[in-house]
Amino acid sequence: MQIEFIGGARTVTGSQHLLHINGKKILLECGLFQGRRSETYEKNKNFKFNPAEIDALILSHAHIDHSGNIPNLVSKGFDGLIYATSATVDLCQIMLRDSAHLQEKDIEFVNKKRKKKNESPIDPLYTLEDVEKAMQQFVGVQYNRTIDLFPGIRFTFRDAGHILGSAGVHLEIEEAGNKKISLGFSGDIGRPDSPVIKSPDILRDLDVLIMESTYGNRLHSPAEEVEEDFSSTISKVINDGGKVIIPAFAVGRTQTIVYMLHKLFDQNRIPEVPIYVDSPLAVEATNIFRSHPECMDRETYRIFLEEGTDPFGFGRLKYIKKSEESKELNEKSGPMIIISASGMAEGGRILHHLAHNIGNSKNLILFVGYAAEHTLARRIMDGNEKVNIFGEEFEVKAKIKKMDYFSGHADQKELLDYLRLNQQNKLKNIFLVHGEEDMALPFREKLLEKGFKNVQFPASGEIINI
Ligand SMILES: [Zn+2]
Ligand SMILES: [Zn+2]
């Protein structure tokens, strides 16, 4: 068999790994490259292979850097099945639609500019119609159920503990001549004991592992300190009469924050103030979380579900869908907590909350996720004294804080723990993907130190025979 590394190779976004097994072409992930539009549009538009020749797609989870190019793949001729967990299928429904909407809006803006320069308009990467078509090819598969994909190719999803529905993929392959290969694809690996969802399950007895390395050279803060830090930080701002603004991804991070606030309020560790979740996508995503209790961890059951209470709903919390209601929040005074998307503050309603609140030193902007370079969230995090929002300059007077605990990705120690049941002598190859050089290369050194052999960091375009 062969593994062809295409996207998410020596970078984090655009995950795509193509397996050639027994004459079949199986694609793992079909993610979107993210970054500057000028660099990513062509890269996303044109595949390195013929989509019509792909026999099946296996998807680890719903994040756009893994799923976001599926509608384009389908519109270019892929008509096979797309295997994902049931929760991933549900999340893809809303996330791919949202993505199509963003693509269309984005291209409108580009085409206005092109028109001024007398250039012909370009098409969006895909449309809502392409998403609807793609959704018909999805098949929901339960965790821990083995699926016979093609002769000599079986796979099983194991919980990856990264977002709702996320999975690692274990492929059991039998090639001509009885050659057997046990191949693991980690997907994105979550943190053990993270709130709401389960801890990552391990892929065992592997010969070959394709493994993510996002935080291969970093250690996150320990879980014990986080609740205390989170509640005391928020309480202080509220007691001083300020507002807490939390930019957060609508899917996953928002629900984790809501869960944590719910728990801390019930324990009287945060004063009584109104909390607003202001993002239509977050509202839809929260409903999907509610409909998948099978993905929740024991703590969520113990504190909420067994009592018949909703982890994502409580008296002081209001979900906001309508944009008029969102704007009304600007007029409200007094302490409050606002959670809004997008997490990197590149678009969405968070922009007007930042514009209204960043200039007041009583307020706190609390970052709970990663922000890429050149994004507004990153500029604020990096301590810029002035930032541009809606083309207007704002002085940053609010307090700024960043908490890495809520990261959906395992850190170096947790990635090493993930490998603990795979003996160095059986595991013949490890391929590090989904990581930048400064994270993956030190992690590679660590693995070699621990006695793992053949640890590679393949570049895009590399094809490896197994
Ligand atoms: Zn992910
Ligand atoms: Zn990812």
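The structure displayed is predicted, hence computed values, not measured ones. (Residues numbered from 1 in each chain as written. Chains lettered and ligands numbered in written order. Predicted model: local features only at pLDDT ≥ 70, side-chain atom pairs only at ≥ 80, totals over all residues. Heavy atoms only, no water.)

Formed by 107 residues in total, the largest nonpolar core has its most connected members in Phe-138, Leu-171, Leu-183, Phe-230, Leu-261, Ile-337 and Ile-339. Ranked by residues supplied to this core, first place goes to helix α4 (residues 86-116) with eight residues. Excluding its chain neighbours within four sequence positions, the residues that come into contact with Leu-183 are Met-1, Ile-3, Leu-19, Val-169, His-170, Leu-171, Ile-173, Leu-206, Val-208 and Ile-210. (Core = buried A, V, L, I, M, F, W, Y, C linked by side-chain atoms within 4.5 Å. Buried < 20%, exposed > 50% of the residue type's maximum accessible area, 1.4 Å probe, protein only. Helix = DSSP H or I, 4+ residues; strand = E, 2+ residues; numbered from the N terminus. Contact = heavy atoms within 4.5 Å.)

Accessible area lost on assembly of the parts is the figure often given for the size of an interface. The domain boundaries assigned to the protein delineate domain 1 (2-218 + 408-465) and domain 2 (223-402). On a C-alpha basis, the centroid separation for the pair domain 1 and domain 2 is 29 Å. At the interface, 19 residues of domain 1 touch 19 residues of domain 2. Of the roughly 1800 Å² buried at the junction of domain 1 and domain 2 (both faces included), carbon and sulfur atoms supply 69%. Of all residues in domain 1, the largest losses of buried area upon contact with domain 2 belong to Ile-94, Leu-164 and Val-196, amounting jointly to 37% of the total for that side. Seen at the junction of domain 1 and domain 2, the total is zero salt bridges. Here domain 1 and domain 2 share four residue pairs in polar contact (both at pLDDT 80 or more) between them. A class-by-class count of the residues in the side of domain 1 that touches domain 2 yields ten nonpolar, five polar and four charged. (Domains from an automatic or database assignment. Buried area = accessible area lost by both parts, 1.4 Å probe. Salt bridge = Lys/Arg side-chain N within 4 Å of Asp/Glu carboxyl O. Polar contact = N/O pair within 3.5 Å; in protein donor to acceptor, adjacent residues only side chain to side chain. Nonpolar A, V, L, I, M, F, W, Y, C, P; charged D, E, K, R; others polar.)

Attention now goes to the sheet that holds strand β10 (residues 179-185). Read from one edge of the open sheet, seven strands run β7-β8-β9-β10-β11-β20-β21, paired in mixed fashion. Unpaired on one side and paired on the other, β7 (146-150) and β21 (455-456) mark the two borders of the sheet. Where β10 lies against strand β11 (residues 208-212), three bridges are found, and the strand directions are parallel. Bridge pairing in β11 places Phe-185 opposite Ile-210. On the sheet, helix α14 (residues 437-449) packs against β11, β20 (429-433) and β21 and is oriented at approximately 160° with respect to β20. (Pairing = 2+ DSSP bridges. Axes fitted to C-alpha atoms, helices over the stretch in contact; angles between N-to-C directions.)

Another point: the coordination of the zinc ion (ligand 1). Bound to the zinc ion (ligand 1) are the protein donor atoms His-61 (NE2), His-63 (ND1), His-162 (NE2) and Asp-188 (OD), situated 2.1 to 2.4 Å from the metal. One way to put it: the four donor atoms around the zinc ion (ligand 1) meet at angles of 91 to 167°, and that makes the site irregular. Between the zinc ion (ligand 1) and the zinc ion (ligand 2), both coordinated by Asp-188, there is a metal-metal distance of 3.3 Å. You can see His-63 sitting in the loop between β4 (56-58) and α2 (64-67) and its partner His-162 sitting in the loop between β8 (153-159) and β9 (167-175), a full 99 residues away along the chain. Since its relative accessible area comes to 6%, His-162 is described here as buried. (Donors = N, O, S within 2.8 Å, 3.2 Å for Na, K, Ca; no water. Tetrahedral: all angles 85-135°; square planar, octahedral: opposite > 155°, others 65-115°.)

Our focus in this paragraph is the sheet that holds strand β13 (residues 275-278). Pairing is parallel across the open sheet formed by six strands, whose spatial order is β14-β13-β15-β12-β16-β19. What marks the edges here is a single partner per strand, and that holds for β14 (317-320) and β19 (399-402). Taking the axes of each pair of neighbouring strands and ignoring which way they run, one obtains an average angle of 20° across the sheet. Across the sheet, helix α8 (residues 280-290) is in contact with β13 and β14; its angle to β14 comes to roughly 115°. Set on the sheet, helix α11 (residues 350-357) makes contact with β12 (243-247), β13, β15 (336-340) and β16 (364-367); between it and β12 the angle comes to about 145°.

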